Amino acid sequence: MIVTPLDSAILDSKEQYVFYHKMIDFTLKELIVAVQQKKILTEQEVLLFKQYCDLLLYSIEAMRVKYMYDDEENMKVDLTDSGFPNYLEFRYLFNDLGLREDYLGKLTNIDVLKEEFLDTLLRKKEPIAQRKLFQASSIVYYTSAKKEYIFNRFVQGKIIEAPQGSLGQYLVSWSFYEVSHNRPFICYMYFDYDGSNPLKDRDEIYYALKTVADRELAMDMMAYAIDKRLPKVLPKLVKRVDLGPIHNVFAKDENEITHAILDGIAKKTIPLESYAISFKIDEVSSKSEFKEGSFFSKQTFQNWDAVFRQRYVFAPHRIIQLLYNKTPEIMNKLAKAPIQIADLKMK
């Protein structure tokens, strides 16, 4: 899917920023709790899932601070099968913070700005000018935001020992922001290792994952590509979580769940802050092994089983009722009945 400027909405008022950021923050936190409570992921996978979501939340909060009082630039939210910020916003954050010192050197000294604020509020009894508020938010942004906590195009997790009873001895995770969908994906790979310690080859493993598993591919293709690139790594299970879309008032796509929610909002049968979250898990496991190559350089490959797909929907009770009425076929094909999470209350 080609993403164009028409697929993005620009947040151009303080009220929109407050509304959008509260919605994303609330929905992601509700999702983390529900995934853990319903045991949709294993205990270890949930811990890693939460870490990647924390990076997302941190990045989106940094965007809120960056744009809140900026009259010249506006943040873009993707409208097509996403609900998340446009992927370019994450790149802008990463680039900005790489030039932190240059920007800080050009900003007004914080003590000078404090004096100006106090003089305006206490002596002149006037509101702070928008330009000054932007200067203050820029200082907060550049002094508090950390580049290493920004959700990048590709985020690599560490190689760790897999929990007892797992299909492989080791577990490695990674995450990527799929540019064509503007959504985050989180991946896990359980594997055995032909050697004493996979950490000796971690640079090679990390490079291979970043090269062949940094975008949405067919699961068996991705698993085969990893298997082929890493002769000592014997993948046993590869699992990918597709986080989204977040169906809400900002969306503009052909998704039936989005249409049902937008129709309900338009008819005022549900409130403006109504939402639902789609959550998908694809996984493929090894069913056997085979060797290929010459007598002196044989490599062990995996025979992969069919891809196992699970689809979930998380939503407040009222939205679940709406979706059963409007999209019964989708609801009846889910891995579990729609999972209830809390309503978002906007003042």
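All values derive from a computational prediction rather than experimental measurement.

Enquirer: I keep staring at the packing of helix H2 (residues 43-67) against helix H6 (residues 130-144) and nothing clicks. Help me out?
Expert: Between two packed helices, both the angle of their axes relative to each other and the distance between the axes serve to describe the pair. Interaxial distance between H2 and H6 falls to 8 Å at its minimum, and their mutual angle equals 155°. With respect to H6, the axis of H2 lies roughly antiparallel. Listed contacts from H6 to Tyr58, Ala62, Val65 and Lys66 of H2 are Phe134, Ser137, Val140, Tyr141 and Ser144. Taken together, the residues that form the contact of H2 with H6 break down as six nonpolar, two polar and one charged.

Enquirer: Looking at this model, I keep getting lost on the nonpolar core. Mind explaining?
Expert: Nonpolar side chains tend toward joint burial in soluble globular proteins. Membership of the largest hydrophobic core comes to 58 residues, with the highest contact counts inside it found for Val35, Phe49, Tyr188, Leu243, Phe279 and Phe314. A per-element tally of this core places H2 first, with 13 residues.

Enquirer: Is there a simple way to explain unusual backbone geometry in this structure?
Expert: In most cases, non-glycine residues show a negative phi, while peptide bonds are predominantly trans. A cis amide bond, omega 5°, links glycine 244 with the succeeding residue proline 245. The backbone of asparagine 182 shows a phi angle near 55°, a positive value even though the residue is not glycine. Tracing the backbone shows asparagine 182 in the loop between strand E4 (170-178) and strand E5 (183-193). Under the relative-accessibility criterion, asparagine 182 is labelled buried at 0%.

Enquirer: Would you take a moment to explain helix H7 (residues 202-212) for this structure?
Expert: Along an α-helix, residues three or four apart share an orientation, since each turn contains 3.6 residues. Within the span of H7, buried status applies to Ile205, Ala208, Leu209 and Val212. Along the long axis of H7, the arc covered by the buried residues comes to 100°, so they all point the same way. Relative to its buried face, H7 has exposed residues pointing more than 90 degrees away, namely Asp203 and Tyr207.

Enquirer: What is the right way to read the packing of aromatic side chains from this model?
Expert: The description of an aromatic ring pair rests on the distance of the ring centres and on the angle between the ring planes. By the definition in use, this model includes ten aromatic pairs. Ring centres of phenylalanine 90 and phenylalanine 151 lie 6.2 Å apart, and the angle between their planes is 65°; this geometry places the pair in the edge-to-face category. Of the two residues, phenylalanine 90 sits in helix H3 (residues 87-98) while phenylalanine 151 sits in the loop between H6 and strand E3 (154-161), which places them 61 residues apart along the sequence. Pairwise contacts between aromatic rings join Phe49, Phe279, Tyr312 and Phe314 into one cluster.

Enquirer: I would appreciate a short explanation of the pattern of salt bridges in the present structure.
Expert: Pairing is possible between side chains that carry opposite charge, provided their charged atoms lie close to one another. Applying the stated rule across the entire model yields 15 salt bridges. Ionic pairing is found between aspartate 96 and lysine 66, a salt bridge with its closest N-O pair at 2.7 Å. In this pair, aspartate 96 is assigned in helix H3 and lysine 66 in helix H2, connecting sequence segments 30 residues apart. Between lysine 239 and glutamate 283 there is a salt bridge, with the nearest N and O atoms lying 3.9 Å from each other. Taken together, the residues span a long stretch of sequence, with lysine 239 in strand E6 (residues 233-247) and glutamate 283 in strand E7 (residues 276-292) at a distance of 44 residues. Glutamate 283 shares its class with lysine 239; the two are buried. It is possible to trace a salt-bridge network through shared partners that takes in Arg240, Asp282, Arg309 and Arg311.

Enquirer: Mind showing me how you'd approach the side chain of arginine 183 here?
Expert: Examined against the element boundaries, arginine 183 turns out to sit in strand E5. Residues within four places of arginine 183 in sequence aside, it is in contact with Asp81, Ser82, Phe84, Phe176, Tyr177, Glu178, Asp242, Leu243, Gly244, Pro245 and Lys280.

Enquirer: Would you explain the environment of isoleucine 320 in this entry?
Expert: Mapped onto the elements of the fold, isoleucine 320 is located in helix H10 (residues 317-326). For the pair isoleucine 320 and methionine 331, spaced eleven residues apart in the sequence, the C-alpha separation amounts to 8.9 Å. Beyond its immediate chain neighbours, meaning those up to four positions away, isoleucine 320 contacts Ala315, Pro338, Ile339 and Gln340.

Enquirer: What's the story with the pairing of E5 in this structure? I'm lost.
Expert: Regular strands show a simple pattern: their side chains alternate between the two faces of the sheet. Within E5, ten of the eleven residues are buried, leaving the element largely enclosed by the surrounding structure. For E4 and E5, the ladder comprises nine bridges, and the chain directions are antiparallel. Bridge pairing in E5 links tryptophan 174 to cysteine 187. Here E4 folds back onto E5, and the loop between the two strands holds four residues, one of which, asparagine 182, carries a positive phi near 55°. Bridge analysis of E5 against E6 gives nine bridges, and the strand direction is antiparallel. Looking across to E6, one finds that methionine 189 is bridged to valine 238.

Enquirer: Help me understand the confidence of the model for the protein in this model?
Expert: Predicted coordinates in regions of low pLDDT should not be interpreted in detail. For the protein, mean pLDDT is 85; residues scoring 70 or higher make up 88% of the total. Per-element averaging of pLDDT across the protein places strand E1 (residues 8-11) at the bottom with 57 and strand E10 (residues 339-340) at the top with 97.

Enquirer: Hey, could you run me through the packing of H2 against H3 in this one?
Expert: Contact geometry for H2 and H3: axes closest at 10 Å, N-to-C directions at 75°. With respect to their mutual orientation, H2 and H3 come out roughly perpendicular. Contacts from Leu56, Ser59, Ala62, Met63, Lys66 and Tyr67 in H2 reach Glu89, Phe90, Tyr92, Leu93 and Asp96 in H3. Partitioning the contact of H2 with H3 into residue classes produces seven nonpolar, one polar and three charged.

Here is what the cut-offs are and how they apply
- Per chain, residues are indexed from 1 in the order of the written sequence.
- pLDDT decides what is reported in this predicted model: residues at 70 or higher carry local features, side-chain atom pairs at 80 or more are listed and counted, and totals for whole chains, interfaces and linings draw on all residues regardless.
- The basis for every side-chain value is the complete set of heavy atoms in the structure, and neither hydrogens nor water enter the calculation.
- Under this scheme, a helix contributes an axis fitted over its contacting stretch, all axes are lines through C-alpha atoms, and angles between N-to-C directions fall in the 0 to 180 degree range.
- Helix and strand assignments follow DSSP, with helices taken as H or I runs no shorter than four residues and strands as E runs no shorter than two, numbered in order from the N terminus.
- Any angle that is under 35 degrees is reported as roughly parallel, and any over 145 degrees as roughly antiparallel; angles of 65 to 115 degrees are reported as roughly perpendicular and all others as oblique.
- Residues count as neighbours in contact if any of their non-hydrogen atoms are within 4.5 Å of one another.
- Polar here means any residue outside two lists: the nonpolar Ala, Val, Leu, Ile, Met, Phe, Trp, Tyr, Cys and Pro, and the charged Asp, Glu, Lys and Arg; Gly therefore counts as polar.
- By convention a nonpolar core is built from buried Ala, Val, Leu, Ile, Met, Phe, Trp, Tyr and Cys residues, the set being connected through side-chain atoms within 4.5 Å.
- Note on exposure labels: buried denotes an accessible area under 20% of the residue type's maximum, exposed denotes more than 50%, and partly exposed covers the range between, all computed with a 1.4 Å probe on protein chains only.
- Each direction from the helix axis to a C-beta atom contributes to the arc, which is the arc of those directions.
- In this scheme Phe, Tyr and Trp rings, the latter by its six-membered ring, pair at centre separations within 6.5 Å, and the angle between planes marks the pair as stacked below 30 degrees, edge-to-face above 60, and tilted otherwise.
- Each reported salt bridge corresponds to a side-chain nitrogen of Lys or Arg within 4 Å of a carboxyl oxygen of Asp or Glu.
- Note: two strands are recorded as paired if DSSP finds a minimum of 2 bridges between them.
- pLDDT: the predictor's confidence for each residue, scored from 0 to 100.

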